[in-house]
Amino acid sequence: MPHTLKDISEIISEDAVIVQPSVVIDHLLIDSRRLVFAEGSLFFALHSSRRNGQIFVDELYSSGVQSFVVTKNFDHSPYPEANFIKVNDPLRALQKLVAYHRKQFKIPVIGITGSNGKTIVKEWLYQLLHSDYNIVRSPKSYNSQIGVPLSVWQINDEHTLGIFEAGISEPGEMDFLESIIQPTIGILTNVGAAHSAGFKSKEEKVLEKWKLFKNAFVIISNNQDPAITAAIASKSKEKLFIWGDSSADLTITTIKKEENSCTITATYTNKAISISIPFTDDASIENAITCWAVLLFLEVEGSVIKQRMATLQPVEMRLQLKKGINSCSIINDSYSNDLSSLRIALDFLQQQTGNQSATVILSDLGEVESSGEQYQKVLQALVQHNVTKFIGIGPRLSALKADFTTTLPHSYFYPSVEAFIQHFANFRFRDEVILLKGARAFEFEHINLLFEQKIHQTVLEVNLSAMAHNLKEYQRYVAPATKVMAMVKAFSYGSGSAEVASVLQFHKVDYLAVAYADEGVELRKSGINMPVMVMNPETITFQSLVQYNLEPEMYSFGILKAFTAYIENEGLQQFPVHIKIDTGMHRLGFDSADLDKLVNFLKENPRLVVKSVFSHLVASENAEHDGFTRRQVKQFLEATELIKQTTGYPFTRHISNSAAIFRHPQYQFEMVRLGIGLYGVDSSAGNQLSLQTVATLRSTIAQIREVKKGETVGYSRRAIMNRDSVIATMRIGYADGFSRKLGNGVGHVFIKGQLAAVVGSVCMDMTMIDITGIDGISEGDVVEIFGANLPVEQVAKWCDTIPYEIMTSVSHRVKREYYEE
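Parameters and conventions
- Residues numbered from 1 in each chain as written.
- Predicted model: local features only at pLDDT ≥ 70, side-chain atom pairs only at ≥ 80, totals over all residues.
- Heavy atoms only, no water.
- 1 Å grid on protein atoms, 1.4 Å probe; cavity = no way out; pocket = protein on both sides within 12 Å on 5 of 7 lines; lining within 4 Å.
- Points joined across faces, edges and corners; volume = space filled by probe spheres on them.
- Helix = DSSP H or I, 4+ residues; strand = E, 2+ residues; numbered from the N terminus.
- Nonpolar A, V, L, I, M, F, W, Y, C, P; charged D, E, K, R; others polar.
- Polar contact = N/O pair within 3.5 Å; in protein donor to acceptor, adjacent residues only side chain to side chain.
- Contact = heavy atoms within 4.5 Å.
- Expected span 1.5 Å × (residues − 1).
- Buried < 20%, exposed > 50% of the residue type's maximum accessible area, 1.4 Å probe, protein only.
- Arc of directions from axis to C-beta.
- Salt bridge = Lys/Arg side-chain N within 4 Å of Asp/Glu carboxyl O.
- Axes fitted to C-alpha atoms, helices over the stretch in contact; angles between N-to-C directions.
- Parallel < 35°, antiparallel > 145°, perpendicular 65-115°, else oblique.
- Phe/Tyr/Trp six-rings, centres within 6.5 Å; stacked < 30°, edge-to-face > 60°.
- Pairing = 2+ DSSP bridges.
- Right-handed = clockwise from strand over helix to strand, strands pointing away.

> Residue-level account of the layout of surface pockets, with values.
Here the second largest pocket defines a volume of roughly 1,100 Å³. Along the walls of the second largest pocket sit 45 residues, with Ile676, Val681, Asp682, Ser683 and Tyr804 positioned nearest its centre. If one sorts the elements of the lining of the second largest pocket by residue count, helix α26 (residues 792-798) sits on top with 5 residues. Class assignment for the residues of the lining of the second largest pocket results in 25 nonpolar, 13 polar and 7 charged.

Right under this line is the structure:
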């Protein structure tokens, strides 16, 4: 249902400056980086503690956007051709608009809430019902105060069923989401510990979630949790469909787990029924039963339910970026294919492309009815995301060859995956970022195998979504006007410089810092265009610094004079530099005694433009040394004041590192430096930050053997078995970064939910572990070296070192895999 700008202004505000009242709004935009269609977009200038979205109006206006929702005090006069709707709160205006939009459609809508399982249940319901309905659903995990309205806005006249998630973190939020989703069928999956910080009790949390269902015809849940059972007791049974024990509508009688499947039997309307699912874990069983209950309520035929449940597919919760053949990078999203998820995948592709070309391999869309209009939207999205090569697979795309090649000349089409594979060698893929996006029926995993780089099975997984979360977590404690410099030195603490920098650039970090010029050059070649400070410049790298616009740290008179001479010789009028002051680290930097000489030199050499003056706190994480920290800051401020008086212009001051951001907020000044905190390590050890694990090092089991009591394991016979033991050999050794200090029982790894001790000496390429008494381990099983289950801080303790060393020691021969959740 189209909405004109005039209609929208009447819905959300009485204060509007409308130049083009008849413009139809198709797209709601809240992030300037995700602009695809300027025409027909309405930008909501949302604000947070750090940024007011109105600062992006100018950028978007220049890009062709002409319709904006802003606060009432916004000065619109510089934009005479634009439309402005002025409101008190742009977020509430967004929600109000979409709530109105939702009311225009009389289709069944399923609203899902709960602590865990929302996305799985939503995606499984899509798998189970998409043959019967034209379904609109939340993209990925769009279940927040912002994500929900963006999801529901997708509803149009073609849809016959909606499925939307709703997530909350504090009381009062669900009322807004209920008004937007307006579910006719409600699902409460479970209530656990996730996002509980804002609630006084579990019972309060249940009652808040239950608000989503206040106008639903039916609520589907379980009676396995006392808190949910208590909520159910106060509700009308006519609105409930409960699964669980003998008092439930769907009474579960047996759950029989086999090696790769599970059979669930139940009683429903006094009849015995059963399903089998290709999963055996408890979470999947619970989610499958919830879906089963929905299908029963919708009166899907029993034989159809059994057939569809038996073919449920895993839900891939993340976008993966892997190194591929011939210097290509591969984004594998070959699990579903619809317009919503395609746009998310294209955003990730554009974020990671840098200076490489972008290639998309796409199957026919997975919806029941894929109209020509939808494929035109696909083509527009490809063009807007600067895709240079397109490969379409499937009969529907092949039929549109003429339309696509007119707009995208480098477009190629094949009726099937098999046909494309036959011609794969003709493409000579090289130096490209390639998105694989296919509906599950097309089995794009066969294409993915062709691109995979064949290297050994030890992998460092880097969760880019977790990194973005950690950045925002620290930003909550950073003053709104204070900039953030992110440290990406040492290969981004082992995580991969260019890939990590792309995410930080996308999230508008202000500065990057690297250790050496070659690291900065790599970033520039990868398309990173934001300011980069080089902390250890060398005379032989001056040419690279200038050529790639990298800003050097000046820490001594030797490097200062040499660089000044170089830029004079090159005829450069100005070049930015950063001045390092030594306030107690005694590593690099100008001493207090050097300051008079330093400021005179800067005054005499105006070619050097001081962008920042900074120092390094020695022990900001340790309360015992807070007195020394204060002395460092006092010395730093005296130095910066003297430099400012001499240069006569302002510059950025920064001394706070990750720990100081939180422990010493008064020292944030104009910029802070965020290092290992980005990677999920809380250097302040305060446990008050909700940081997520970014890097997970995994390996696999190569062989399992039984070793008798008295026999030895490994070099020099250092491990003598004191019992009959089961020993597994992992595909990781000290050449991969697994420290020899972890040998002989000092270190452990995580496998099958338990810790297994290292046995004997760590070898170059292999390490042995004792898995005696740990059931169910097979050759090829995954072992976690560090990650969410075994924190890198613990591994560092075993090695008598710090997490920095553990992370930066992971060798370059270990494959890095990047993903977004």
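> I'd love a proper account of the side chain of Thr767, names of residues and values included.
Counting through the fold element by element, Thr767 comes out in strand β38 (residues 767-770). Looking at Thr767, its side chain comes within polar contact range of the main-chain oxygen of Ile732, at 2.8 Å. Non-local contacts of Thr767, meaning those with residues more than four positions away in its chain, are made with Ala728, Thr729, Met730, Ile732, Gly733, Phe738, Val758 and Val762.

> Break down the side chain of Lys122 for me, with residues and values.
Looking at the secondary structure, you find Lys122 in helix α4 (residues 118-129). In contact with Lys122, other than residues within four places in its own chain, are Ile112, Arg137, Ser138, Pro139, Lys140, Ile163 and Glu165.

> Which residues make up helix α12 (residues 372-384), and what values do they have?
With 13 residues, α12 extends 18 Å from end C-alpha to end C-alpha; this agrees with the ideal 18 Å at 1.5 Å per step. Residues Gln374, Tyr375, Val378, Leu379, Ala381 and Leu382 constitute the buried set of α12. Each buried residue of α12 sits inside an arc of 160° when the element is viewed along its axis, so together they form one side. Turning to α12, the residues buried within the fold contact α11 (339-353), β19 (357-363), β20 (389-393), α13 (395-399) and α14 (401-407). The positive-phi residue at the C-terminal boundary of α12 is Asn386, with phi of around 60°.

> Quick one: what's the story with unusual backbone geometry, residue by residue and with numbers?
Positive phi values are uncommon outside glycine, yet Asn744 reaches one of about 55°. Along the chain, Asn744 falls in the loop between β35 (725-730) and β36 (748-751). By relative accessible area, which is 40% here, Asn744 ends up partly exposed. In this model, Lys752 sits at a positive phi of 50°, which is unusual for a non-glycine residue. Locating Lys752 in the fold gives a position in the loop between β36 and β37 (754-759). Overall, the relative accessible area of 47% leaves Lys752 in the partly exposed class.

> Help me get a handle on the pattern of salt bridges, residues and values and all.
Tallied over the entire structure, the rule returns 25 salt bridges. Its salt-bridge partner being Lys6, residue Glu10 comes within 2.7 Å of it at the nearest N-O pair. Highlighted residues: Glu10 and Lys6, both in helix α1 (residues 5-12), separated by 4 residues, approximately one helical turn. By relative accessible area, Lys6 is classed as partly exposed at 43%. Between Arg137 and Glu123 there is a salt bridge, with the nearest N and O atoms lying 3.2 Å from each other.

> So what about the packing of α11 against α12? Which residues, and what values?
Running from N to C, α11 and α12 cross one another at 10°; their axes reach a closest spacing of 10 Å. In terms of orientation, α11 lies roughly parallel with respect to α12. Contacts between α11 and α12 involve Leu339, Leu342, Arg343, Leu346 and Gln350 from the first element and Gln374, Lys377, Val378, Ala381, Leu382 and Gln384 from the second. A per-class count over the contact of α11 with α12 returns 6 nonpolar, 3 polar and 2 charged.

> Break down the packing of aromatic side chains for me, citing the residues and quoting the values.
Under the definition given, this model contains 27 aromatic pairs. Plain terms: the ring middles of Phe542 and Tyr566 are 5.8 Å apart, the flat faces sit at 55° to each other, and that makes the pair tilted. Remark: Tyr566 occurs in helix α22 (residues 557-569) and Phe542 occurs in helix α21 (residues 542-547); sequence separation between them is 24 residues. The class of Phe542 is buried, set by a relative accessible area of 3%. Relative to Phe575, the ring of Phe563 has its centre 5.5 Å away and its plane inclined at 65°; by these criteria the two rings are edge-to-face. On the criterion of sequence distance, the pair formed by Phe563 in helix α22 and Phe575 in strand β28 (residues 575-580) is long-range, its members being 12 residues apart.

> Break down the pairing of β20 for me, citing the residues and quoting the values.
Regular strands have side chains that alternate between both faces of the sheet. Burial analysis of β20 places 5 of its 5 residues in the buried class, the great majority of the element. What you see with β20 is no split at all: Lys389, Ile391 and Ile393 on one side and Phe390 and Gly392 on the other are buried throughout. Relative to β20, β19 is paired through 5 bridges, and the arrangement is parallel. Each residue of the ladder has a partner; that of Thr359, found in β20, is Lys389. Inspection of the sheet shows β20 paired to strand β21 (residues 411-414) by 4 bridges, in the parallel sense. The residue bridging Gly392 from the neighbouring strand is Phe413, located in β21.

> How would you sum up the pairing of strand β29 (residues 608-614)? Please name residues and give values.
Burial runs high along β29: 5 of the 7 residues are buried. For β28 and β29, the ladder comprises 6 bridges, and the chain directions are parallel. Residue pairing for β29: Pro576 is matched across the bridge by Val609. Following the backbone out of β28, through helix α23 (residues 595-604) and into the adjacent parallel β29, one traces a crossover that is right-handed. Two strands pair when backbone bridges link them, and β29 and strand β30 (residues 652-654) are joined in this way by 3 bridges, in the parallel orientation. Looking at the pairing, Val613 lines up with Arg653 of β30.

> Just give me the short version of the sheet that holds strand β7 (residues 83-87), but keep the residues and values in it.
Pairing is mixed in the open sheet, where 5 strands are placed in the order β2-β7-β6-β5-β4. Edge strands, defined here as strands with exactly one partner in the open sheet, are β2 (15-17) and β4 (27-29). Shown here is a sheet whose adjacent strand axes are inclined to one another by a mean of 20°, direction ignored. As paired strands, β4 and strand β5 (residues 41-44) are joined by 3 bridges and run parallel to one another. In the sheet register, Leu29 faces β5, and the bridge partner there is Phe43. Sheet strands in contact with α1 are β2, β5, β6 (67-71) and β7, and its direction is about 10° off that of β7. Against the sheet, helix α3 (residues 90-103) engages β4, β5, β6 and β7, with an angle of about 140° to β5.

> Describe the sheet that holds strand β16 (residues 271-277), with residues and values.
Pairing between the strands of a sheet comes from backbone hydrogen bonds, and it takes one of two forms, parallel or antiparallel. Taken together, the 9 strands give an open sheet; going across it, the order is β9-β10-β8-β11-β12-β13-β14-β15-β16, and neighbouring strands pair in mixed fashion. Edge positions in the sheet fall to β9 (135-137) and β16, since each of these pairs with one other strand and no more. The sheet shows a mean angle of 20° between the axes of neighbouring strands, direction not considered. The pairing of strand β8 (residues 109-113) with strand β10 (residues 161-165) spans 4 bridges and is classified as parallel. Looking across to β10, one finds that Ile112 is bridged to Glu165. Sitting on the sheet, α4 touches β8, β9, β10 and β11 (185-188), and the angle it makes with β10 is about 165°.

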